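# Tertiary structure, described
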Amino acid sequence: MITIPIHDTILLPDIVFYFKKDNFAEWELERLSVGEEMIFSFLVDEEDDEDTEEPEPVDLMETVYPVGIRAKLESLDNEGTYKIRTKNRVNIISLTQLPDGNVDAEFTDRPEIADLTPEEMAKRFTRVRDDYLEFVKMFQWGLFARGLILQWKNIYELICTMSPYFSMTWEEKVAIVQEDKLSERYRMIEQAAYEFMEMSRVNSEAASQQQQENENIYRENALKKQIEILQNELDEMHPENISDVRQFQKKIEEAGMNDTARKEAEKVLNRMKQEGQNGHEYGMLYDYLDFVTSLSWKKPEAAEIDLTAAEEVLDADHYGLKKVKERILQQLAVMALKKQQSGSILLFVGAPGTGKTSIGQSIARALGREYVRISLGGIRDEAEIRGHRRTYIGAMPGRIMEGMKRSGVSNPVMVLDEVDKLAKDYGGDPASALLEVLDPEQNFSFTDHYMNVPYDLSNVFFVCTANQIDTIPEPLLNRMEIIEFPGYSELEKESIAKRHLIPRAYEAMGIKKSQLKISDPAVRKVIAEYTMESGVRGLKKRIEGICRHAAVELVKGEKKLSVTPANLKKYVDGHGIRRDRVDKQAIPGIVTGLAWTAAGGEILYIETKKVPGTGQVIITGQLGDVMKESVSIAISLVKDRFPEDLSKYDLHIHVPEGAVPKDGPSAGITITTALSSLFTGRKVAPTIAMTGEVSLRGKVMPIGGLPEKLMAAVRAGVKTVFIPKQNVEDLEDVPEEVKKELTITPVEKVDQVLKLTGIWE
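## Description of the overall build of the protein chain
A count of helical and extended segments in the protein chain gives 24 helices and 24 strands. Here the protein chain has a C-alpha radius of gyration of 49 Å; the compact-globule value for 761 residues is 27 Å, and the former is much larger. For the protein chain, the spread of C-alpha atoms along the three principal axes comes to 140 × 80 × 50 Å. At a minimum sequence separation of 6, the contacts of the protein chain that also span at least 24 residues come to 74%.

Next comes the structure, spelled out in structure tokens:
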């Protein structure tokens, strides 16, 4: 008998169903005639095997369940619709593939265990059908479904009709067909039917509840929209009456905050509503909202960077500083290529007045950005950087976020001035708080304690300044790139005075260029005799003093004034600065050294003397630990080269200006040479100066601050300078006019210095 396989459809005895010929197009059903019987078999779910290229032959019996339904074809209409009536269940014994593609089945009838009477079956069917009729009333399609339900003649038609809608697996459906006991089969059908009805009720109730909630939300949104429209009209009619709450609502909506900040602001706004203007926390909440809504939260678009224009701005604002400008232009070029803030955090290190802070303004002007300067000198409380928590009375944001508020943008050029002067005490370590601010891997979510929400600082161009790096903690220093600001030569100072300082002083004092003429020789005399610094801050004060004296005479009636070297003393405040000049007379045991200070370079005399005594070593001049160690090393080196019994003498080493503390790793070669001169009695010319540290092996070690030291040597009248050979590369930073005035000799060992000075032949 021909076998038709089916899947996911329940068929049971004594039901009538219909199917289209197209549904079984792969089977040649034309040979079935009305009245002929067939077997419906239930296919087993197949497992996909993607790794198998060619499927192996399969036993047909393994593809179907062993139970089937015998059925009869009752009619076939012109539209290709088959009317089928099922008869009874069968056990499929074997399946055979026919030449025409159909499958022939060998089967036996499968008996039923009739443990229910017809009356019991009818009663149970009626109960389930009535429950279904009541169930469909809750749906809009219930009227249509009612007609279909009334056509059911038994419980089998119910399950066969509804099974496609039940949440049952195919195995569960076949299990109903395979069940032999009528009572158990009825129980399984009833369970599936009632589970479907209950699940449908739950889904319907959930959908109804969701619909109700949605309707409430839509209604609430509509009411809010209407209130907003009416409130906007009232605000336009009476702008003076807009409440603080309303103003902050608008600001929060327009600020473009991140989700965390917006939620926090809305939370504070709700508290502000509840407090009312008479609440004791109203002022604190108002200040917080005023601060966070005043910040710029929107990420700026990457602006085009004109490198040529930026270079012109830097050259116009600052004379010299060639290497500094080159490094800044490199960073701007990287930003132009990446279209975003990138590169190292720049740390400008140099003496006061060398232009470290003002060049930050030039960078801002070159980029077309806002400029913010934050002074960190003397800060000892971490809260100055991170802000105070709002739980404290008088809580305030930190200086970083306060600076962001002042700028009004999210990408200013921010100069953190004097990072080397941060302090540390019980209030915390502000230098450690700066680590997050200056770290590009963290500052995209910087959290100020006062704000308590993350803020993106990654678009800020940070520039730090310092006079020295010794006091900057190592972890903070590692996050920055050090750029040295060398001191200015006298020629550079003259150019800066003529280009910048004098015109600005005229403008500040209200003096016209035609009213006052400061001659070039007068400027040079001011530089040489009235200033002593690496920068130009003191020069600026002197020029302003000249302009103030001139302003008095102009107001009294003078029409035109001229400042020359001859009458300079009349216009300059105070006396000239006493400069250390090299002595004209050479004395054994005294050698000229070079030192670096925060204000620039200076010459430093090392004076030695031996007097009758008991072999003691006396050190005076407020020397620090490093220089004391240099003295010990120098004594050992000299004793090794010039054996002498010192047990009858006291050795006295002095560095003049005893009130000024002195320390640093650059006086070793000078002390060694001075002691060698003392022991041999041979003089060293005062016009010979030297700088460098020494080791016990007699090596001359490298030092820092070479440009400033050489400038100090020129000012003091030095003609020859010995420098460590490893510092030769630093000569590139020394102005040409300074190098022309000096004979610079690189040395590697102490013995070279002693021979070149004539102490040791």
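## Details of the environment of proline 724
Take proline 724: it is sitting in strand β23 (residues 720-724). Placed 22 residues apart in sequence, proline 724 and proline 746 show a C-alpha to C-alpha distance of 5.4 Å. Beyond its immediate chain neighbours, meaning those up to four positions away, proline 724 contacts Thr691, Gly692, Val700, Met701, Pro702, Ile703 and Val747.

## Description of the sheet that holds strand β9 (residues 413-417)
Strands sit in the order β8-β9-β12-β7-β13 across an open sheet of five strands; the sheet is parallel. Only two strands of the sheet have a single neighbouring strand rather than two, namely β8 (371-375) and β13 (480-485). Averaged over neighbouring strand pairs, the angle between their axes works out to 25 degrees when direction is ignored. In terms of strand pairing, strand β7 (residues 345-350) meets β13 through six bridges, oriented parallel. What sits directly across from isoleucine 345, in β13, is methionine 480.

## Description of the packing of aromatic side chains
Enumeration according to the criterion identifies 14 aromatic pairs in this entry. Clustering of aromatic rings is evident, with ring pairs tying together Tyr132, Phe135, Trp152, Phe166 and Phe196. The aromatic ring of tyrosine 288 is capped on one face by arginine 390, whose charged end is 4.0 Å from the ring centroid. Over the aromatic face of tyrosine 649 sits the side chain of lysine 610, whose NZ or CZ is 5.2 Å from the ring centroid.

## With respect to the packing of helix α16 (residues 490-509) against helix α17 (residues 520-530)
Contact pair α16 / α17: the axes reach a minimum separation of 10 Å and the direction vectors enclose 120 degrees. The angle between α16 and α17 places the two elements in the oblique class. The two elements α16 and α17 cross, and the hand of that crossing is right-handed. Two secondary-structure elements touch here, α16 through Glu490, Lys493, Glu494, Ala497, Lys498 and Ile502 and α17 through Asp520, Val523, Arg524, Ile527 and Ala528. A breakdown of the residues in the contact of α16 with α17 according to their chemical character gives five nonpolar, no polar and six charged.

## Overview of the pairing of strand β18 (residues 617-620)
Direction of pairing for β18 relative to strand β19 (residues 649-654): parallel, over a ladder of four bridges. The residue of β19 that forms the bridge with valine 617 is leucine 651. The handedness of the β18 to β19 crossover, carried by helix α20 (residues 625-641), is left-handed.

## Description of the pattern of salt bridges
Opposite charge on two side chains allows them to pair when their charged atoms are near. Taken as a whole and assessed by the stated rule, the structure comprises 40 salt bridges. A salt bridge links glutamate 112 to arginine 89; the nearest nitrogen and oxygen atoms lie 3.2 Å apart. Of this pair, glutamate 112 sits in the loop between β6 (103-109) and α1 (118-135) while arginine 89 sits in strand β5 (residues 81-97), and the two are 23 residues apart along the sequence. Aspartate 315 serves as the salt-bridge partner of lysine 325, at 3.1 Å between the closest nitrogen and oxygen. Of this pair, lysine 325 sits in helix α10 (residues 322-338) while aspartate 315 sits in helix α9 (residues 307-317), and the two are 10 residues apart along the sequence. Given a relative accessible area of 8%, lysine 325 falls into the buried group. Here aspartate 315 falls in the partly exposed class, since its relative accessible area comes to 38%. Put simply, Arg89, Arg110, Glu112, Asp180 and Arg185 are held in one network by salt bridges that share partners.

## Comments concerning the environment of glutamine 726
Here glutamine 726 lies in the loop between β23 and α23 (736-741). Judged by its relative accessible area of 57%, glutamine 726 falls in the exposed class. In this structure the C-alpha to C-alpha distance between glutamine 726 and isoleucine 400, which are 326 residues apart in sequence, comes to 41 Å.

## Let's talk about the confidence of the model for the protein chain
Looking at the protein chain as a whole, the pLDDT averages 84, with 93% of positions reaching at least 70. No element of the protein chain has a lower mean pLDDT than helix α2 (residues 142-150), at 72, and none a higher one than β23, at 93.

## Here's the deal with α16
At alanine 497, α16 shows its maximal bend, which comes to roughly 50 degrees. Tucked inside the fold, the buried residues of α16 contact α9, β14 (516-518), α17, α18 (537-556) and α23.

## Looking at the pairing of β6
Two elements, strand β1 (residues 2-6) and β6, share two bridges in a ladder whose sense is antiparallel. Bridging across to β6, threonine 3 finds its partner in valine 103. Inspection of the sheet shows β5 paired to β6 by seven bridges, in the antiparallel sense. Following the sheet pairing, threonine 96 is matched in β6 by aspartate 104. Two successive antiparallel strands, β5 and β6, enclose a turn made up of five residues, where glycine 101 displays a positive phi of approximately 95 degrees.

## Some points on helix α11 (residues 356-367)
With 12 residues, α11 should reach 16 Å at 1.5 Å per residue; the first-to-last C-alpha distance of 17 Å fits that figure. Those residues of α11 that fall on the buried side of the exposure criterion are Lys356, Ile359, Gly360, Ser362, Ile363, Ala364, Ala366 and Leu367. Following α11 by one or two positions, glycine 368 adopts a phi angle in the positive range, close to 70 degrees.

## Quick look at unusual backbone geometry
Despite not being glycine, aspartate 14 has its phi angle at roughly 65 degrees, a positive value. With respect to the secondary-structure elements, aspartate 14 resides in the loop between β1 and β2 (16-20). Look at asparagine 452: it is not a glycine, yet its phi comes out positive at around 65 degrees. For asparagine 452, a relative accessible area of 44% puts it in the partly exposed group.

## Points about the packing of helix α6 (residues 244-255) against helix α7 (residues 259-275)
Two elements in contact, α6 and α7, have axes separated by 11 Å at closest approach and are oriented at 170 degrees. In terms of axis orientation, α6 runs roughly antiparallel to α7. In contact with Asp244, Val245, Phe248, Gln249 and Ile252 of α6, α7 contributes Arg262, Ala265, Glu266, Leu269, Met272 and Lys273. When grouped by side-chain class, the residues that make up the contact of α6 with α7 number six nonpolar, one polar and four charged.

## Considering a negative patch on the surface
Residues Asp45, Glu171, Glu172 and Glu195 make up a contiguous surface patch of negative charge. Mapped onto the secondary structure, glutamate 171 falls in helix α4 (residues 170-178). Looking at glutamate 171, the relative accessible area reads 42%, which means it is partly exposed.

Scoring rules and cut-offs
- Residues numbered from 1 in each chain as written.
- Predicted model: local features only at pLDDT ≥ 70, side-chain atom pairs only at ≥ 80, totals over all residues.
- Heavy atoms only, no water.
- Helix = DSSP H or I, 4+ residues; strand = E, 2+ residues; numbered from the N terminus.
- Rg over C-alpha atoms; globule rule 2.2 N^0.38 Å.
- Contact = heavy atoms within 4.5 Å.
- Pairing = 2+ DSSP bridges.
- Axes fitted to C-alpha atoms, helices over the stretch in contact; angles between N-to-C directions.
- Phe/Tyr/Trp six-rings, centres within 6.5 Å; stacked < 30°, edge-to-face > 60°.
- Lys NZ or Arg CZ within 6 Å of the ring centre and 35° of its normal.
- Parallel < 35°, antiparallel > 145°, perpendicular 65-115°, else oblique.
- Left-handed = near helix turned anticlockwise from the far one by under 90°.
- Nonpolar A, V, L, I, M, F, W, Y, C, P; charged D, E, K, R; others polar.
- Right-handed = clockwise from strand over helix to strand, strands pointing away.
- Salt bridge = Lys/Arg side-chain N within 4 Å of Asp/Glu carboxyl O.
- Buried < 20%, exposed > 50% of the residue type's maximum accessible area, 1.4 Å probe, protein only.
- pLDDT = per-residue confidence, 0-100.
- Bend = angle between axes of the 7 residues up to and from the residue.
- Expected span 1.5 Å × (residues − 1).
- Patch = residues over 30% accessible without salt bridge, like charges linked within 9 Å, V, L, I, M, F, W, Y side chains within 5 Å.
- Areas by Shrake-Rupley, 256 points an atom, 1.4 Å probe, with all protein chains shown as cover.
- Lys, Arg positive; Asp, Glu negative; His and termini not counted.
- Charge placed at Lys NZ, Arg CZ, Asp CG, Glu CD.

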